[in-house]
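A structural walkthrough
Residues per chain, in single letters:
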Amino acid sequence: MKTASRLALALTALLATTSFATAQQCGGDLGAFLDGVKAEAIAAGASPEAANAALAGAQIDQKVLSRDRSQGVFKQTFLEFSQRTVSQSRLDIGRQKIKQYAEVFGRAEQEYGVPAGVVAAFWAMETDFGAVQGDFNTRNALVTLAHDCRRPELFRPQLLNLITMVQHGDLDPASNTGAWAGEIGQVQMLPKDIVAFGVDGDGDGHVNVKKSSPDAILTAAKFIEHLGFRRGEPWIQEVVVPDNLPWEKTGFGSSMTAGDWFALGVKPRDGNTAFGALPASIVLPQGRKGPAFITYPNFNIYLEWNQSFIYTTSAAYFATRLMGAEPYQKGNPEPGLADTEMKALQTKLQAMGHDVGKIDGILGSGTRIAIQKEQQRLGMPADGWATPALLAAL
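I will try to describe carefully the structure that is included in this document. None of the values given here were measured: they were computed from a predicted structure.

What about the overall build of the protein?
Counting its secondary structure elements, the protein contains 19 helices and six strands. Taking 394 residues into account, the globule formula puts the C-alpha radius of gyration at 21 Å, and the protein, at 23 Å, falls close to it. In terms of overall dimensions, the protein has a C-alpha envelope of 70 × 50 × 35 Å along the principal axes. Counting across all 394 residues of the protein, residues that qualify as buried make up 55%. For the protein, long-range pairs separated by at least 24 residues make up 70% of all intrachain contacts whose partners lie at least 6 apart in sequence.

Brief notes about the pattern of salt bridges
Applying the stated criterion across every chain, the model contains 14 salt bridges. Across the pair Asp68 and Arg69 runs a salt bridge, and its minimum N-O distance is 2.7 Å. The closest approach of N and O atoms between Arg288 and Glu334, which form a salt bridge, is 3.0 Å. Here the residue Arg288 occupies a position in the loop between β5 (281-283) and β6 (293-295), and Glu334 occupies one in the loop between α16 (309-322) and α17 (339-351), the gap between them amounting to 46 residues. A relative accessible area of 23% places Arg288 in the partly exposed class. Connected through salt bridges with shared partners, the residues Asp68, Arg69, Asp148, Arg150 and Arg151 form a single ionic network.

Things to note about the sheet that holds β5
If you trace the four strands from one edge of the open sheet to the other, you get β4-β3-β6-β5, paired in antiparallel fashion. With one partner strand each, in any of the chains shown, β4 (267-268) and β5 form the two edges of the open sheet. Note that strand β3 (residues 236-240) and β6 share three bridges and pair antiparallel. Across the sheet, Ile236 pairs through a bridge with Thr295, a residue of β6. Against the sheet, α16 makes contact with β3, β5 and β6, and its axis sits at roughly 95 degrees relative to β3, the strand it touches most.

So, helix α9 (residues 116-127)
Relative to the 16 Å expected for 12 residues at 1.5 Å per residue, α9 spans 17 Å between its end C-alpha atoms, a close match to the ideal helical length. Most of α9 is tucked away: 12 of the 12 residues are buried. The complete set of buried residues in α9 reads Ala116, Gly117, Val118, Val119, Ala120, Ala121, Phe122, Trp123, Ala124, Met125, Glu126 and Thr127. One or two residues past the end of α9 sits Asp128, with phi positive at roughly 50 degrees.

Overview of the environment of Ile359
As for its position among the elements, Ile359 is in the loop between α17 and α18 (365-377). The class for Ile359 is partly exposed, based on a relative accessible area of 29%. Along the backbone, Ile359 and Ala50 are 309 residues apart, and their C-alpha atoms lie at a distance of 46 Å.

Concerning the nonpolar core
Counting residues in each nonpolar core, the largest one holds 85 residues, and the members touching the most others are Phe105, Val118, Phe122, Ile224 and Tyr302. Aside from chain neighbours lying at most four places away, what touches Val118 is Ile224, Phe229, Trp235, Ile301, Tyr302 and Ala319. By size, the runner-up hydrophobic cluster in this structure holds 16 residues, among which are Val239, Val241, Leu278 and Ile294.

Brief notes about the side chain of Thr313
Within the fold, Thr313 resides in helix α16. Accessibility expressed as a relative area gives 0% for Thr313, which makes it buried. Of the polar contacts made by the side chain of Thr313, one reaches the backbone oxygen of Phe309; its length is 2.8 Å. Among all residues touching Thr313, those that are not within four sequence positions of it are Phe78, Ile236, Pro285, Phe293 and Phe299.

Some remarks on the packing of aromatic side chains
All chains considered together, the criterion is met by 18 aromatic pairs. A ring pair is formed by Phe229 and Trp235, whose centres lie 6.2 Å apart and whose planes are at 45 degrees; its orientation type is tilted. Connected via pairs of aromatic rings, a cluster forms that spans Phe122, Phe197, Phe223, Phe252, Phe299, Tyr302, Trp305 and Phe309.

Observations concerning the environment of Phe155
Looking at where Phe155 falls in the secondary structure, it is placed in helix α11 (residues 152-167). Here the alpha-carbon distance between Phe155 and Leu190, two residues 35 residues apart in the chain, equals 9.7 Å.

Let's talk about the packing of α17 against α18
At a minimum axis distance of 11 Å, the contact between α17 and α18 shows a crossing angle of 70 degrees. Taken together, the axes of α17 and α18 lie roughly perpendicular to each other. The two elements α17 and α18 cross, and the hand of that crossing is left-handed. Touching Leu345, Gln346 and Leu349 of α17 are Thr367, Ala370, Ile371 and Glu374, all from α18.

Thresholds, definitions, all that
Residues numbered from 1 in each chain as written. Predicted model: local features only at pLDDT ≥ 70, side-chain atom pairs only at ≥ 80, totals over all residues. Heavy atoms only, no water. Helix = DSSP H or I, 4+ residues; strand = E, 2+ residues; numbered from the N terminus. Rg over C-alpha atoms; globule rule 2.2 N^0.38 Å. Buried < 20%, exposed > 50% of the residue type's maximum accessible area, 1.4 Å probe, protein only. Contact = heavy atoms within 4.5 Å. Salt bridge = Lys/Arg side-chain N within 4 Å of Asp/Glu carboxyl O. Pairing = 2+ DSSP bridges. Axes fitted to C-alpha atoms, helices over the stretch in contact; angles between N-to-C directions. Expected span 1.5 Å × (residues − 1). Core = buried A, V, L, I, M, F, W, Y, C linked by side-chain atoms within 4.5 Å. Polar contact = N/O pair within 3.5 Å; in protein donor to acceptor, adjacent residues only side chain to side chain. Phe/Tyr/Trp six-rings, centres within 6.5 Å; stacked < 30°, edge-to-face > 60°. Parallel < 35°, antiparallel > 145°, perpendicular 65-115°, else oblique. Left-handed = near helix turned anticlockwise from the far one by under 90°.

Read these as layout, nothing more, since geometry by itself doesn't imply function.
Put into structure tokens, the structure is as follows:
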């Protein structure tokens, strides 16, 4: 899910700048395809030596195509996923890393306004602090996906940026490995973003986000700043919600401020109400009886990083824990739906005219909005949580 979300965002940006002709340069003879890539790279400023070195020995990787065609779907609940990913072991290691690289994290916050916990949480969730970075040859992965005609408008520019990294001496095309879709390094970034936001954190004259933790930390911080992180503001807070909250107002897209929510009886568990003037939404990952959070504008950077609601909420919560927050209250959520039941619910909602996207068994944003509308129509608490009671009522 991470890869699909990040790539979808990159695709949206690239469509505005990639010509139709470039988008058609895919498929056919691999040698002719690589010659075309080399010519385009050289025309854009790459040296012939770098282009040749980057693509020498490039091959199609059938395992990459297989992975691309069979991307899994994200069906864990927030409690399941966050309890697994925000483990005590990861918290302990994260705090050790923040202490070990205190000077680097301090620079990240001073120069880019991004606190240590935000970067460290992504570092943990993406690669376990660099321990698991992927074993696909990056050059071959990008050649494979750029040559494939499913999404060349996304992957061809990534391949061109890989050539730029080779020219800078920041990547060895023969040995560099990463994720199947071309993400590289300790925080799993695509070549285009590494070239645009790369920072030489250790002063060796190169940006090596795979082997250098300072490079990875500062590059991630600069990228997060680019995504719109607002200096000195929170991103998420755990809250306690009253039983009579207007549930239909919860969820993303609220026009209310944090102060409006506080006036309705929402209480931050840490007692900090200093950001009452900020726009805010109440998110209930497992309904009104489960954990509850208030999100601020900085939460949007998590949605830019990954569009999975469960991943983003977990990553944001992880960051607060690294910054000293207490564990959330699990509450007592109502039982959810099994996969077949969720698909049946989505089918019913779609038949009623709601846009739930693909019938995939995932409680995504479209399905949550549709559920809230039907809960409100039926006189049920409109908290967006899919339950057997709702399915039966429909």
